[in-house]
Amino acid sequence: APLAFSDPRERTTHAANVWDFFKPDHTVEYPTVDGALSQVCYYRALEDCYNRFADKLDKISETTTKGSVKEVAEHFDAESADYFVFHSPYNKLVQKSYARLFLLDARRRHEKGISFHREEEKKETKEGVEDSDEILAAWLTKPIEETYSDKALEATLKKLSSSSFKQRLTDSN
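Please read all numbers here as calculations on a predicted model, not as lab measurements.

Asks: Can you help me understand the layout of surface pockets in this one?
Replies: In this approach a probe as big as a water molecule rolls over the atoms, and the regions it shows empty are the leftover space. When its volume is computed, the largest pocket comes out at roughly 1300 Å³. Considering the residues around the largest pocket, the lining is formed by 36 residues, among which F5, T12, F53, F84 and V85 are closest to the centre. Considered as a void within the structure, the second largest pocket measures approximately 180 Å³ in volume. As for the second largest pocket, its lining consists of 15 residues, and the residues nearest its centre are K96, A99, E154, A155 and K158. Elements represented by at least two residues in the lining of the second largest pocket include exactly α2 (93-112) and α4 (151-169).

Asks: How do you make sense of the side chain of R108 when you look at a structure like this?
Replies: Structurally, the position occupied by R108 is in helix α2. The class of R108 is buried, set by a relative accessible area of 8%. A polar atom in the side chain of R108 sits 3.2 Å from the backbone oxygen of F76. Not counting residues within four places of it along the chain, the set of residues in contact with R108 comprises N51, A54, D55, D58 and F76.

Asks: Where do I start with the pattern of salt bridges in this structure?
Replies: Pairs can form between side chains of opposite charge once their charged atoms are near each other. Taken as a whole, this structure holds 11 salt bridges when the rule is applied. Between R9 and D7 there is a salt bridge, and its shortest N-O distance comes to 2.7 Å. Take R9: its relative accessible area is 48%, and that puts it in the partly exposed class. Given a relative accessible area of 16%, D7 falls into the buried group. The partner of E154 in a salt bridge is K151, and the shortest N-O contact between them spans 3.8 Å. One end of the pair is E154 and the other is K151, both in helix α4 and 3 residues apart, which spans about a single turn. On the basis of relative accessibility, which here comes to 25%, the residue E154 falls in the partly exposed class. Linked through salt bridges whose partners overlap, the residues forming this network are D55, D58, R108 and K112.

About the thresholds
Residues numbered from 1 in each chain as written. Predicted model: local features only at pLDDT ≥ 70, side-chain atom pairs only at ≥ 80, totals over all residues. Heavy atoms only, no water. 1 Å grid on protein atoms, 1.4 Å probe; cavity = no way out; pocket = protein on both sides within 12 Å on 5 of 7 lines; lining within 4 Å. Points joined across faces, edges and corners; volume = space filled by probe spheres on them. Helix = DSSP H or I, 4+ residues; strand = E, 2+ residues; numbered from the N terminus. Buried < 20%, exposed > 50% of the residue type's maximum accessible area, 1.4 Å probe, protein only. Polar contact = N/O pair within 3.5 Å; in protein donor to acceptor, adjacent residues only side chain to side chain. Contact = heavy atoms within 4.5 Å. Salt bridge = Lys/Arg side-chain N within 4 Å of Asp/Glu carboxyl O.

Okay, here's the thing in structure tokens:
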């Protein structure tokens, strides 16, 4: 079924010429697959689309205040949407991908110098309460390619996003 968007500005697409899944020999039933490269391609596409989509929505929601100074009324993040639709080539990729949106949000806020302290984002720790940006601080400036196979980051993101994932995506798995 097609997805309908009321505002065509509220969408993004991504394409890349990558040989991660192809059929070099048409006499063989199965394709040649580079699973690790496929996952990296998936993450790159997710990051490209999500960051451009969030930036577009932030720009659309800009309001002019006090002359020419522009302020974004509310920044888009992974918890702004009611639901998400993901391509799911294998188990757990949807959960990992949704969790990565929390990293992308934190990186966007870090790059733009935006403070973000939602009460539901604060997590209890042994030292007290900290928000997701503080929890993710070690990964905010790390090259994004280095985060793809980081198991500690994956576990942290899974914890941060678990309740939101259940609310927005559980019935889709």
